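Coordinates in review
Below, each chain spelled out in residue letters.
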Amino acid sequence: MSVRSGTQGARFSAQNRMRALQTDIMNLILERRLSPGDPMPTEAELSEELGIGRNTLREALKVLQALGVVEIRHGFGMFVAPSNFDALADGLTFRGRLSLQGTGHEAMELVDIRQALETGLIGAAMAEMTSADHADLDELVTGMEVRAAAGKNFSDIDATFHSRLYSPLDNQVLAQLMDVFWQVYSEIQQAIGHSDTPLIDIASKHRAILDAIRTGDAVEAAHTLDVHFGGLRERIAGLHASEAQ
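Residue positions are given per chain, counting from 1 as you read along its sequence in written order. Local features in this predicted model are restricted to residues of pLDDT 70 or higher, and side-chain atom pairs are both shown and tallied only at a pLDDT of 80 or more, whereas totals for entire chains, interfaces and linings draw on every residue. Hydrogens and water are ignored here; the side-chain numbers use all heavy atoms of the structure.

A closer look at the nonpolar core
Quick note on the threshold: Nonpolar core, defined: a set of buried Ala, Val, Leu, Ile, Met, Phe, Trp, Tyr and Cys residues in which side-chain atoms within 4.5 Å join the residues together. We call a residue buried when its accessible area falls under 20% of the maximum for its residue type, exposed when it is over 50%, and partly exposed in between, using a 1.4 Å probe and counting protein chains only. Secondary structure follows DSSP: runs of H or I at least 4 residues long count as helices, runs of E at least 2 residues long count as strands, and numbering of each begins at the N terminus. By the convention used here, residues are in contact when the closest approach between their heavy atoms is within 4.5 Å.
Ile122, Phe161, Leu165, Tyr166, Ile213 and Ile236 are the most contacted members of the largest nonpolar core, which has 42 residues in total. Elements supplying a minimum of two residues to this core: helix 4 (86-99), helix 5 (105-128), helix 6 (131-149), helix 7 (155-166), helix 8 (172-192), helix 9 (199-214) and helix 10 (218-244). Top element by residues in this core is helix 8. It accounts for nine residues. When neighbours within four sequence positions are excluded, Phe161 is seen to be in contact with Leu137, Leu140, Val141, Met144, His206 and Ile209. Formed by 15 residues, the second largest nonpolar core is a distinct cluster that contains Met40, Leu57, Ala60 and Met78.

The structure is reproduced here in structure tokens:
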């Protein structure tokens, strides 16, 4: 075995041990039935229970903090982190933007996932909507149309509209995932440049989504969402088609 392969083997072995330690810490949280915001054992207690040194423990905790599992409050201690998907959003955004330097395949897949989430759940969301929900969505679309007529960007209203579509489901994990994919979607849009589609046309697509919702046509609502997402998919595909020429 070469020195290089031996070094790589040692590195991978160390990484595996570190992952195993992170898993042990997460299992400890589960076994003690700790909830988000609950204090965790001290470093000394964890070191003794897991049979590891302080430095090794701190390395593992730093990774778990980055993953949103542990929250370290200097001067106060360690706590089970509140639910957040920041690390997931950062990782997916990076993968999507990195893929744009190549084939754009991962960026396309990320758009596909968001599209599948929205089109797949729109029927269930519609079934829970009230006339007040329809009125709220109408107010948002009207805001888009007003901004579009003035030539002003309305991405903030757009984000609220898509979030509001699924709020009747009262699913907090879904809401956080939707927010993650909105962030990823927005970053990919910025990376490939703004769309040439007139703002008023983008607003009209949202009006079409709302019209389908109001008539109770879940199939048409899903279709209009597909059309809405199709624009970005075409731009990603076109970006790399032009580079290949």
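Observations concerning the packing of aromatic side chains
This is how it is decided: Put simply, two rings from Phe, Tyr or Trp (the six-membered ring, in Trp's case) pair if the centres are within 6.5 Å, and we call them stacked under 30 degrees between planes, edge-to-face over 60, tilted for the rest.
Applying the stated criterion across every chain yields a total of two aromatic pairs. With a centroid separation of 6.0 Å and 25 degrees between ring planes, the pair formed by Trp182 and Tyr185 is classed as stacked. Taken together, the residues Trp182 and Tyr185, both in helix 8 and three residues apart, mark about one turn of the helix. For the residue pair Trp182 and Tyr185, the accessibility class agrees, reading buried in each case.

Here's the deal with the pairing of strand 2 (residues 77-80)
To be explicit about the condition: A pair of strands is considered paired only if DSSP assigns at least 2 bridges between the two.
When strand 1 (residues 70-73) meets strand 2, the two strands line up antiparallel, connected through four bridges. Along strand 2, the bridge assignment pairs Ile72 with Met78. In this antiparallel pair of consecutive strands, strand 1 and strand 2, the connection spans three residues, and Gly75 shows a positive phi of 90 degrees.

Points about the confidence of the model for the chain
The criterion, for reference: The pLDDT value tells you how sure the predictor is about a given residue, anywhere from 0 up to 100.
Per-residue pLDDT for the chain averages 88, and the proportion of residues at 70 or more is 91%. Least confident of the elements in the chain is helix 1 (residues 3-31), whose mean pLDDT is 77; most confident is helix 6, at 97. Per-residue pLDDT stays below 50 along residues 1-5; that stretch engages in one contact with residues further than four places along the chain or on separate chains.

A look at the side chain of His228
Under the convention used in this document: Counted as a polar contact is a pair of N or O atoms within 3.5 Å, where, for protein atoms, one must be capable of donating a hydrogen and the other of accepting one, and residues adjacent in sequence contribute only when both atoms are in side chains.
In this fold, His228 is placed in helix 10. Here His228 falls in the buried class, since its relative accessible area comes to 10%. Within polar-contact distance, the side chain of His228 engages the side chain of His162 at 3.4 Å. If we ignore the near neighbours within four places in the chain, the residues touching His228 are Asp158, His162, Tyr185, Lys205 and His206.

Section: the environment of Asp196
Within the secondary structure, Asp196 is located in the loop between helix 8 and helix 9. Considering only alpha carbons, one finds Asp196 and Ser163, 33 residues apart in sequence, at a separation of 24 Å.

Some thoughts on the pattern of salt bridges
Operational definition: Should a side-chain nitrogen of Lys or Arg be within 4 Å of a carboxyl oxygen of Asp or Glu, the pair is scored as a salt bridge.
Considering all chains together, one arrives at 13 salt bridges under this definition. Across the salt bridge formed by Arg54 and Glu43, the nearest N and O atoms sit 3.8 Å from each other. Of this pair, Arg54 sits in helix 3 (residues 54-66) while Glu43 sits in helix 2 (residues 43-50), and the two are eleven residues apart along the sequence. Given a relative accessible area of 38%, Arg54 falls into the partly exposed group. Exposure remark for Glu43: the relative accessible area of 23% places this residue in the partly exposed category. With its nearest N and O atoms 3.0 Å apart, the salt bridge here joins Arg164 to Asp136. In this pair, Arg164 is assigned in helix 7 and Asp136 in helix 6, connecting sequence segments 28 residues apart. Using a relative accessible area of 22% as the deciding quantity, one classes Arg164 as partly exposed.

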